[in-house]
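# Per-entry structural report
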Amino acid sequence: MVIGPNGEKLGIKKLEDALTLANYAGLDLVLMNQGNGVAVTKIMDYNKFRYEKQKKLKDAQKKQRETSKEVKEYRLSVTIDVGDFETRRRNAENYLKKGHKIKAFIRFKGRQMSHPELGIDVLNKFADALSDVSTVETKPQLDGRQAYMMLAPKK
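Note that the structure is predicted; figures quoted are calculated from it, not measured.

In this section: the pattern of salt bridges. Applying the stated rule across the entire model yields 4 salt bridges. Glu-93 is the partner of Arg-89 in a salt bridge, and the nearest nitrogen-oxygen pair spans 2.5 Å. Here Arg-89 pairs with Glu-93, and both are found in helix 3 (residues 82-97), just 4 residues apart, close to one helical turn. The class for Arg-89 is buried, based on a relative accessible area of 17%.

Take the pairing of strand 7 (residues 134-143) next. Here 7 bridges tie strand 7 to strand 8 (residues 146-153), and the two strands are oriented antiparallel to one another. By the bridge assignment, Gln-141 is partnered in strand 8 with Tyr-148.

Leu-76 and Phe-126 are the most contacted members of the largest nonpolar core, which has 21 residues in total. Where this core is concerned, the elements lending two or more residues are strand 5 (71-76), helix 3, strand 6 (101-107), helix 4 (116-129) and strand 8. If we ignore the near neighbours within four places in the chain, the residues touching Phe-126 are Leu-76, Phe-85, Arg-88, Arg-89, Ala-92, Ala-104, Met-149 and Leu-151.

On to the sheet that holds strand 3 (residues 28-34). With mixed pairing, the 4 strands of this open sheet are ordered in space as 2-1-4-3. Each edge of the sheet is formed by a strand with only one pairing partner; in this case those strands are strand 2 (9-11) and strand 3. Sheet topology note: the strand 3/strand 4 (residues 39-44) ladder contains 6 bridges and is antiparallel. Looking across to strand 4, one finds that Leu-31 is bridged to Thr-41. Together, strand 1 (2-3), strand 2, strand 3 and strand 4 form the strand contacts of helix 1 (residues 15-25), whose direction differs from that of strand 3 by roughly 135°.

For the rest of this paragraph, the subject is the sheet that holds strand 7. Taken in spatial order, the 4 strands line up as 5-6-8-7 in an open sheet, and their pairing is mixed. Every other strand in the sheet has two partners, leaving strand 5 and strand 7 as the edge strands with one partner each. Strand-to-strand twist of the sheet, defined as the mean angle between neighbouring strand axes without regard to direction, takes the value 20°. Sheet strands touched by helix 3: strand 5, strand 6, strand 7 and strand 8. Its angle to strand 5, the strand with the most contacts, is close to 170°. Along the sheet, helix 4 makes contact with strand 5, strand 6, strand 7 and strand 8, crossing strand 8 at roughly 10°.

Next up on the list: helix 4. One turn of the α-helix equals 3.6 residues, which is why residues spaced by three or four share an orientation. With 14 residues, helix 4 extends 20 Å from end C-alpha to end C-alpha; this agrees with the ideal 20 Å at 1.5 Å per step. Restricting attention to buried positions, one finds in helix 4 the residues Pro-116, Gly-119, Val-122, Leu-123, Phe-126 and Ala-127. Burial along helix 4 is one-sided: seen end-on, the buried residues are contained in an arc of 140°. When the buried face of helix 4 is taken as reference, the exposed residues oriented beyond 90 degrees from it are Lys-125 and Asp-128. Contacts made by the buried residues of helix 4 are with strand 5, helix 3, strand 6, strand 7 and strand 8.

A few words on the packing of helix 3 against helix 4. In a packed pair of helices, the relevant descriptors are the angle between the two axes and the axis-to-axis distance. Running from amino to carboxyl end, helix 3 crosses helix 4 at an angle of 50°, the nearest separation of the two axes being 10 Å. One element, helix 3, and the other, helix 4, form an angle in the oblique class. For the crossing formed where helix 3 meets helix 4, the hand is right-handed. Counting all contacts with helix 3, which are made through Phe-85, Arg-88, Arg-89 and Ala-92, the residues of helix 4 involved are Val-122, Lys-125, Phe-126 and Ala-129. Tallied by class, the residues present in the contact of helix 3 with helix 4 amount to 5 nonpolar, no polar and 3 charged.

For the rest of this paragraph, the subject is the packing of aromatic side chains. On inspection of all chains with the given rule, the structure shows 2 aromatic pairs. Measuring from ring centre to ring centre gives 6.2 Å for Tyr-46 and Phe-49, while their planes differ by 35°; the resulting arrangement is tilted. Remark: Phe-49 and Tyr-46 occur in helix 2 (residues 46-67); sequence separation between them is 3 residues, near one turn of the helix. Using a relative accessible area of 28% as the deciding quantity, one classes Phe-49 as partly exposed.

Procedures and definitions
- Residues numbered from 1 in each chain as written.
- Predicted model: local features only at pLDDT ≥ 70, side-chain atom pairs only at ≥ 80, totals over all residues.
- Heavy atoms only, no water.
- Salt bridge = Lys/Arg side-chain N within 4 Å of Asp/Glu carboxyl O.
- Helix = DSSP H or I, 4+ residues; strand = E, 2+ residues; numbered from the N terminus.
- Buried < 20%, exposed > 50% of the residue type's maximum accessible area, 1.4 Å probe, protein only.
- Pairing = 2+ DSSP bridges.
- Core = buried A, V, L, I, M, F, W, Y, C linked by side-chain atoms within 4.5 Å.
- Contact = heavy atoms within 4.5 Å.
- Axes fitted to C-alpha atoms, helices over the stretch in contact; angles between N-to-C directions.
- Expected span 1.5 Å × (residues − 1).
- Arc of directions from axis to C-beta.
- Parallel < 35°, antiparallel > 145°, perpendicular 65-115°, else oblique.
- Left-handed = near helix turned anticlockwise from the far one by under 90°.
- Nonpolar A, V, L, I, M, F, W, Y, C, P; charged D, E, K, R; others polar.
- Phe/Tyr/Trp six-rings, centres within 6.5 Å; stacked < 30°, edge-to-face > 60°.

This is the structure in structure tokens:
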């Protein structure tokens, strides 16, 4: 079965006749489906067909990446130093610019548990430092021995 360049059915033809038609049109004869009894071929520009197929595949992968954004976790400390804080802020900012979400958390150790407000202050400071590129999705909250919050990139 041969299909013409404009989608019209040319009928069942021999291989030599189909190749002659394709050469006459200046295009390629492409096997579309190896059926049970009748093979379906189409007269088309194969390079253009391959290019469009790759383009569709790339678009599908791009959409899939957009839907499966990751959540990056950043562990902070109640006694975090300025340099460490800035490094985590910078890394988180780059990650937010890529469109991913961030979970910042503090795990309290020993006597730190008696003053969880210090850890929540550090999380609020972290959110304020990233306020130009992110919005707070989940406010800082205490969960057992840790406090956490979620940051989402600004639209």
